[in-house]
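A look at the structure
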Amino acid sequence: MIDRYDAYLFDLDGVITPTVELHKRAWQETFDAFFASRGEAPYEGREYFAFLDGRPRFAGVEALLTGRGVALPQGADLDEGFTSVRGVGNRKNAAFVEVLERDGIAAYPGSVRLLDHLAERGAPLAVVSSSRNAEPVLRAAGLTDRFRAVVDGVVAAREGLPGKPAPDTFLRGAELLGADPARTVVFEDAASGVAAGRAGGFGLVVGVDRGAGREALLAGGADIVVSDLEELLG
Ligand SMILES: O=P(O)(O)OC[C@H]1O[C@@H](O)[C@H](O)[C@@H](O)[C@@H]1O
C-alpha cells in the first residue's frame with residue numbers, strides 16, 4: 001500500500017535517525033540546569049513530548065516556558081545564558097552538537113530498508129525537519145544523497161515558513177518534489193508533525209511511535225501508526 005503514492009516526505013529525528021534520543025538528552029540537561037538555577041520544579045520527561053518534540057528550537061523553548069508560566073525575552077542570536085529564549089535554545093544546541101560530533105549517528109536499519117525500496121522505484125524523497133542540524137545529521141548518517149530536497153530549520157528561517165505544527169514546511173517539500181500533497185506520504189514521530197501532515201491535506205500521514213505514543217499520534221492526525229518503518233514493507 002505504501003507504493004500507491006507518488007512522493008515521500010520524511011521527518012528526520014526519530015524517523016530516519018535515532019537523534020531524537022540526543023535531542024531529548026540535550027534538552028534534559030539544559031532544562032535541569034535552567035530550573036535548578038531558578039529554584040523551580042525539575043524538568044519532566046513528558047514535557048519533551050508535550051512542548052519540544054518536532055517543533056523548531058526556539059518555538060519549543062517558548063512553548064515549554066509558557067506551559068510553566070515563565071516569560072523570558074527572545075534575546076539575541078548569540079546569547080548563551082539562561083536570561084532569554086535564545087540563550088536557553090543555544091545552550092541546548094551546544095550540548096546536542098557536542099554529542100553528535102563525538103559519537104556520530106547511524107540510521108534506523110528499518111528506515112534505510114524503506115528508503116532502499118522506494119529508491120528502487122525511483123520515487124522522489126525529501127526530508128522535512130524542524131531541526132537546523134538536519135544537514136550535519138544526514139551527513140553523519142551517510143544519507144545526504146538519498147534525498148532530492150531538504151526543508152529544514154535553516155530553510156524555514158530563510159524562507160519565513162512557520163514551523164510544525166503548521167503545514168508549510170511539508171507543503172514546501174512537496175512543491176520542491178513537484179508532487180501533489182494528496183498523492184504524497186508524510187512520515188512523522190511527533191504529535192506536532194502528524195498535525196502538520198494532516199493540516200497540509202497529505203494523502204497518507206504515517207505516525208512512527210518512538211515514544212510519543214500511538215494514541216497521541218492518532219489523535220494528532222496520523223492515519224496509521226507503526227513502531228518501525230520496516231513494517232510498511234510487508
Ligand atoms: O535544535 P534543532 O537541531 O534545530 O532542532 C529542533 C527540533 O527538531 C526536531 O526535529 C526535534 O524533534 C526536536 O527535538 C528539536 O528540538
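Residues numbered from 1 in each chain as written. Predicted model: local features only at pLDDT ≥ 70, side-chain atom pairs only at ≥ 80, totals over all residues.

**A look at the confidence of the model for the protein**
Of the residues in the protein, 100% reach a pLDDT of 70 or more, and the chain-wide mean stands at 97. What the predictor reports for the complex is a pTM of 0.95 with an ipTM of 0.98. (pLDDT = per-residue confidence, 0-100.)

**Notes on the sheet that holds strand β3 (residues 149-151)**
A sheet is described by the order of its strands in space; here six strands give the open sequence β3-β2-β1-β4-β5-β6, paired in parallel fashion. Each end of this open sheet is capped by a strand with a single partner; those strands are β3 and β6 (224-226). Strand-to-strand twist in this sheet, taken as the mean axis angle between neighbours without regard to direction, amounts to 20°. Pairing of strand β1 (residues 7-10) with strand β4 (residues 184-188) involves four bridges; the strand directions are parallel. The partner of L9 across the bridge, within β4, is V186. (Pairing = 2+ DSSP bridges. Helix = DSSP H or I, 4+ residues; strand = E, 2+ residues; numbered from the N terminus. Axes fitted to C-alpha atoms, helices over the stretch in contact; angles between N-to-C directions.)

**A short note on the domain arrangement of the protein**
The domain boundaries assigned to the protein delineate domain 1 (2-18 + 106-233) and domain 2 (21-103). Computed over C-alpha atoms, the centres of domain 1 and domain 2 are 24 Å apart. Every contact between the two is made by 18 residues of domain 1 and, on the other side, 12 residues of domain 2. When contributions to the side of domain 1 that touches domain 2 are tallied by element, the ones reaching two or more residues are α6 (134-140), α7 (153-159) and α9 (191-199). In terms of residue class, the side of domain 1 that touches domain 2 is made up of eight nonpolar, seven polar and three charged. (Domains from an automatic or database assignment. Contact = placed C-beta atoms within 7 Å. Nonpolar A, V, L, I, M, F, W, Y, C, P; charged D, E, K, R; others polar.)

**Description of the packing of helix α1 (residues 19-38) against helix α4 (residues 85-103)**
Running from amino to carboxyl end, α1 crosses α4 at an angle of 135°, the nearest separation of the two axes being 9 Å. When the axis of α1 is compared with that of α4, the two are oblique. The handedness of the crossing between α1 and α4 is right-handed. Facing L22, H23, A26, W27, E29, T30 and F34 of α1, the residues of α4 in contact are V88, R91, K92, A95, F96, V99 and L100. Each residue belonging to the contact of α1 with α4 can be placed in one class, and the counts come to nine nonpolar, two polar and three charged. (Parallel < 35°, antiparallel > 145°, perpendicular 65-115°, else oblique. Left-handed = near helix turned anticlockwise from the far one by under 90°.)

**A closer look at the nonpolar core**
L9, F10, V127, F170, V186 and F187 are the most contacted members of the largest nonpolar core, which totals 47 residues. Residues in contact with L9, not counting those within four places in the same chain, are A126, V128, F170, G173, A174, T184, V185 and V186. Of all hydrophobic cores here, the second largest spans 16 residues; its members include L22, F51, F58 and V61. (Core = buried A, V, L, I, M, F, W, Y, C linked by C-beta atoms within 7 Å. Buried ≥ 20, exposed ≤ 12 C-beta atoms within 10 Å, placed from the backbone.)

**Overview of the site of the ligand**
The local shell around the ligand holds 18 residues, among which H23, R57, S131, R132 and N133 are the closest. Elements with a minimum of two residues in the shell around the ligand: α1, α3 (57-68) and α4. Of the residues contributing to the shell around the ligand, the split by class is five nonpolar, nine polar and four charged. For the shell around the ligand, the domains that each give at least three residues are domain 1 (2-18 + 106-233) and domain 2 (21-103). (Near = placed C-beta within 6 Å.)

**Describing α1**
For α1, spanning 20 residues, the distance from its first C-alpha to its last is 29 Å, which sits close to the expected 28 Å at 1.5 Å a residue. On its buried face, α1 sits against α2 (46-52), α4 and α6. G39 sits one or two positions beyond α1 and adopts a positive phi of about 65°. (Expected span 1.5 Å × (residues − 1).)

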